[in-house]
Amino acid sequence: KSENDILIKNIIYPKFHVDSEDFVIEYTIFSDLNKSTEVTVILKNEKGILFKEKIKLTKGIKNNKNKIIIKKNKINEINELLLISDIDEINKLNNLQKIIVEKLKSKRKVLLISGGISNNTRYIRELLTTQNRININHAKRIAKRWQNKWDESILLSADLIIFDGFPISNKDLSDFNN
């Protein structure tokens, strides 16, 4: 009886994807083989085959790290990463992984309005900048002057507005309403 097996593990990819950007998938092929073999890696969706590559796996127990970069506008919400080989495997079900992604037409626009700079402001800003699917417009008041103050078009185009220490006074409300 054969003890051969290959499987996809440690698959890493962004759960959100902006159509205009490339899509990167990192994954590991675990193999336990009696002899070296060639495996075909395929990434596909309803648009067809997006990626196809032959990989030589060596005899023994191995982890083979790989990366796929798919050009913009090709990834769908549901994609499949598949390993195909001629070996007699213990389990072929682990040769397929679904890659489910929320697609975005563009990055979400976030307006951060800080009435006064504080440690909280820095924390919020750092948290937002770690999200690669958003563009941040940060209006902040330093002393009594605004930097990067919003206008009507910025307010209307924002997908999310975050108020940080704002409004503090009735004048703030008046500024915002005007």
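The structure under discussion appears in the preceding block.
In this text the structure is predicted, and so the values were computed from the model without any measurement.

Enquirer: Would you mind going over the overall build of the protein in detail, with residue names and values included?
Expert: Each helix and strand in the protein was counted, giving three helices and 13 strands. For 178 residues, the compact-globule estimate of 2.2 N^0.38 gives 16 Å, and the protein exceeds it by more than 25% at 24 Å. If you line up the protein on its principal axes, its C-alpha atoms span 80 × 35 × 20 Å. Classification of the 178 residues of the protein by burial places 38% in the buried group. When the accessible surface of the protein is summed, it comes to about 11,200 Å², and 50% of that surface belongs to carbon and sulfur atoms. Across the protein, the mean location of the 32 positive side-chain charges is 4 Å away from that of the 23 negative side-chain charges.

Enquirer: Account for the side chain of Arg141, naming residues and giving values.
Expert: Here Arg141 lies in strand E11 (residues 134–142). When its relative accessible area of 14% is taken as the criterion, Arg141 is described as buried.

Enquirer: Break down the pairing of strand E5 (residues 48–57) for me, with residues and values.
Expert: Inspection of the sheet shows strand E4 (residues 37–45) paired to E5 by nine bridges, in the antiparallel sense. Bridge pairing in E5 links Thr37 to Leu57. Taken together, E4 and the strand that follows it, E5, pair antiparallel across an intervening segment of two residues.

Enquirer: Got a sec to walk through the sheet that holds strand E7 (residues 78–84)? Specific residues and values, please.
Expert: Strands in a sheet are paired, the pairing made by backbone hydrogen bonds, and the direction either parallel or antiparallel. Read across the open sheet, the four strands follow the order E5-E4-E7-E8; overall the sheet is antiparallel. The sheet is open, and its two edges are formed by E5 and strand E8 (96–100), each paired on a single side. Each strand axis lies, on average, 15 degrees off the axis of its neighbour in the sheet, ignoring direction. Two elements, E7 and E8, share five bridges in a ladder whose sense is antiparallel. Opposite Leu81, over in E8, you have Gln97 as the bridge partner.

Calculation rules
Residues numbered from 1 in each chain as written. Predicted model: local features only at pLDDT ≥ 70, side-chain atom pairs only at ≥ 80, totals over all residues. Heavy atoms only, no water. Helix = DSSP H or I, 4+ residues; strand = E, 2+ residues; numbered from the N terminus. Rg over C-alpha atoms; globule rule 2.2 N^0.38 Å. Buried < 20%, exposed > 50% of the residue type's maximum accessible area, 1.4 Å probe, protein only. Areas by Shrake-Rupley, 256 points an atom, 1.4 Å probe, with all protein chains shown as cover. Lys, Arg positive; Asp, Glu negative; His and termini not counted. Charge placed at Lys NZ, Arg CZ, Asp CG, Glu CD. Pairing = 2+ DSSP bridges. Axes fitted to C-alpha atoms, helices over the stretch in contact; angles between N-to-C directions.

In short, geometric facts, not functional conclusions.
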